Amino acid sequence: MRRGFLYSIIFLVGLVLMWYDSSIFVFLLLINFGFHYFQLISQLWLAYRKKRTYTPLRKNKNSPFISIHIPICDEPPEIVIPVIESCLNQTYSNFEIIVFDNNSSQEANWKPVQEFCASHNKVKFFHQKKLKGFKAGALDFCRKKSHPSTRYVITVDADYMLDRKCLSTAIRYITNSKLAVVQFPQAYYNASEQNFLVKEFEHYFNTYANGGNKKGTALPTGTLTLISVKALNKVGGWKSFSLTEDANLGIKLLANGCNLWYIPKIVGKGLIPSTTISICKQLNRWIYGNMQCLIKIFNNSRLRFNDKLIISVQLSAWINFLGFPSLGLLLLLISRAFNQSLPLQTMIQICLGHYLLFILVKLLIFKKARVPIRPIG
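Heads up: these notes are all about the structure in this document. (Residues numbered from 1 in each chain as written. Predicted model: local features only at pLDDT ≥ 70, side-chain atom pairs only at ≥ 80, totals over all residues. Heavy atoms only, no water.)

1. Some details on the sheet that holds strand β1 (residues 65–72)
Pairing is mixed in the open sheet, where seven strands are placed in the order β3-β2-β1-β4-β8-β6-β9. Bordering the open sheet on either side are β3 (123–128) and β9 (260–262), each of which pairs with just one other strand. Within this sheet the neighbouring strands show an average axis-to-axis angle of 20°, counted without direction. Where strand β6 (residues 181–183) and β9 come together, three bridges link them in parallel fashion. The partner of Val182 across the bridge, within β9, is Trp261. Docked against the sheet, helix α3 (residues 77–88) engages β1, β2 (95–102) and β3, running at close to 165° with respect to β2. Contacts between helix α6 (residues 166–174) and the sheet are confined to β1, β2, β4 (150–155), β6 and β8 (225–228), with β8 contributing the most and set at about 45° to the helix. (Pairing = 2+ DSSP bridges. Helix = DSSP H or I, 4+ residues; strand = E, 2+ residues; numbered from the N terminus. Axes fitted to C-alpha atoms, helices over the stretch in contact; angles between N-to-C directions. Contact = heavy atoms within 4.5 Å.)

Put into structure tokens, the structure is as follows:
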């Protein structure tokens, strides 16, 4: 309701500006184009720059202890329990599982999970009625409850089923060059590979996450993320500065000289949002949280300019600057009923040219940035 009211106010203000003095709106439109062109050029640069490949160790001489962290909040037990079972069914043996329920509104959702966890020695279950800090607060709670010998933690969303070789694969990558973070792509078991949302997420990993591999600056994305405990503790753990706590953590680690890497191998699959409302809610959270992080990186003197550029391209991946020109055309069409002198033809030509440029650049990015995301072999 609040968001709809805000959009209505923005629409009315824009209509007044267009009718009163269209030059103001044109000025704002030019600023929008400037940001969009910079974004498109940066995306092209990231897609076409030479990437580094990363080879895992053939075999680990030792097996460092891993703590699997699964924060849950009102997810149905019939979804959560199979996730825990997939974690228990690993070929890697030296690990624990921490399941933490917080802020759930119904006991019927977490109580069966607690009972299931009680029957497995490798699983610790914690419940807290109220916890501040959203997901970041839950993950930091798990960090503090980890076994003292934990060397690495891996974050797993409550709907993600792990491949049996997930841990054994992940550990071979992170111990090869003492990376701080190894990030794996998000894949889904409730949608086909041709699903438009699956393609959108795949595009993010192909272009943006993979583009960060040149300098070890691939930001974590929240799930299927293996993190060095030493590096995590060094930056003070998880913080709830942003709604995208994963990106915020990545920025802090990079500012402390850590390397973060993306590996295009599927080690787990989750549930893709199934309704328009849930999709919009997820994307809005990513956009808002990433904007919070964007503001933060420009004030960070410990990050190099080149790193800031790569990070900003990843953070702006879900931001689309086509909304403002589209709104401008709509307002102009309405305003022409009151003011025939408004430059409708010129505005249409400018915006259509902008749309065509956007499509062309995206096609070039899709063509170049294709990196096969493979299952574990």
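Back to the text.
2. Re helix α11 (residues 305–315)
Here α11 lies mainly inside the structure; nine of its 11 residues are buried. Listing the buried residues of α11 in full gives Asp307, Lys308, Leu309, Ile310, Ile311, Ser312, Val313, Gln314 and Leu315. (Buried < 20%, exposed > 50% of the residue type's maximum accessible area, 1.4 Å probe, protein only.)

3. Concerning the pattern of salt bridges
The full count for this structure, using the stated rule, is five salt bridges. Across the pair Asp140 and Lys144 runs a salt bridge whose closest N-O atoms are separated by 3.7 Å. Of this pair, Asp140 and Lys144 both sit in helix α5 (residues 134–145), four residues apart, which is roughly one turn of the helix. Owing to a relative accessible area of 9%, Asp140 belongs among the buried residues under this scheme. According to the relative accessible area criterion, Lys144 is exposed, its value standing at 63%. Where Arg304 meets Asp307, a salt bridge forms, and the shortest distance between an N and an O atom there is 3.0 Å. Overall, Arg304 belongs to the exposed group, its relative accessible area being 54%. (Salt bridge = Lys/Arg side-chain N within 4 Å of Asp/Glu carboxyl O.)

4. A closer look at a nonpolar patch on the surface
On the surface, a nonpolar cluster with roughly 530 Å² of combined accessible area is contributed by Tyr37, Ile41, Tyr48, Leu357, Leu360 and Leu364. Of all the secondary structure elements, the ones that give two or more residues to the nonpolar patch are α2 (22–48) and α13 (344–368). What makes Leu360 partly exposed here is its relative accessible area of 48%. (Patch = residues over 30% accessible without salt bridge, like charges linked within 9 Å, V, L, I, M, F, W, Y side chains within 5 Å. Areas by Shrake-Rupley, 256 points an atom, 1.4 Å probe, with all protein chains shown as cover.)

5. A few points about the nonpolar core
Nonpolar side chains tend toward joint burial in soluble globular proteins. In terms of nonpolar packing, the biggest core is built from 58 residues, with Ile70, Ile84 and Val99 touching the most fellow members. The dominant element in this core, judged by the number of residues it contributes, is helix α7 (residues 196–211), at seven residues. Those residues in contact with Val99 that lie beyond four places of it in its chain are Ile70, Ile72, Ile84, Val113, Cys117, Val123, Lys124, Phe125 and Phe126. Core analysis: the next-biggest nonpolar cluster, separate from the first, contains 28 residues, Val153, Leu294, Leu303 and Phe321 among them. (Core = buried A, V, L, I, M, F, W, Y, C linked by side-chain atoms within 4.5 Å.)

6. Side note on a positive patch on the surface
Taken together, the side chains of Arg151, Lys178, Lys230, Lys234 and Arg302 make up a positively charged region of the molecular surface. Counting through the fold element by element, Arg302 comes out in the loop between α10 (276–297) and α11. Judged by its relative accessible area of 56%, Arg302 falls in the exposed class. (Lys, Arg positive; Asp, Glu negative; His and termini not counted. Charge placed at Lys NZ, Arg CZ, Asp CG, Glu CD.)

7. Details of the pairing of β3
In regular strands, side chains alternate between the two faces of the sheet. The pairing of β2 with β3 spans six bridges and is parallel. Across the sheet, the residue bridging to Asn102 is Gln128, located in β3. Traced from β2 through helix α4 (residues 107–118) to β3, the parallel crossover comes out right-handed. (Right-handed = clockwise from strand over helix to strand, strands pointing away.)

8. Description of the side chain of Thr169
By the secondary structure assignment, Thr169 is in helix α6. The class for Thr169 is buried, based on a relative accessible area of 3%.

9. Quick notes on the packing of helix α9 (residues 245–255) against α10
The interhelical angle for the contact between α9 and α10, taken along N-to-C directions, is 20°, at an axis separation of 9 Å. Regarding the angle of α9 to α10, the classification is roughly parallel. In this structure, α9 meets α10 at a crossing whose hand is right-handed. In contact with Glu245, Ala247, Asn248, Ile251 and Lys252 of α9, α10 contributes Arg285, Asn290, Cys293, Lys296 and Ile297. Per-class residue counts for the contact of α9 with α10 are four nonpolar, two polar and four charged. (Parallel < 35°, antiparallel > 145°, perpendicular 65-115°, else oblique. Left-handed = near helix turned anticlockwise from the far one by under 90°. Nonpolar A, V, L, I, M, F, W, Y, C, P; charged D, E, K, R; others polar.)

10. Quick word on the sheet that holds strand β11 (residues 268–270)
One open sheet accounts for three strands, arranged β5-β11-β7; its pairing is mixed. The sheet is open, and its two borders are formed by β5 (161–162) and β7 (187–188), each paired with just one other strand. As defined by bridge partners, β7 adjoins β11 across two bridges and the pair is classed as parallel. Paired with Ala187 across the two strands is Lys269, which belongs to β11.

This is a description of form; function is not addressed.
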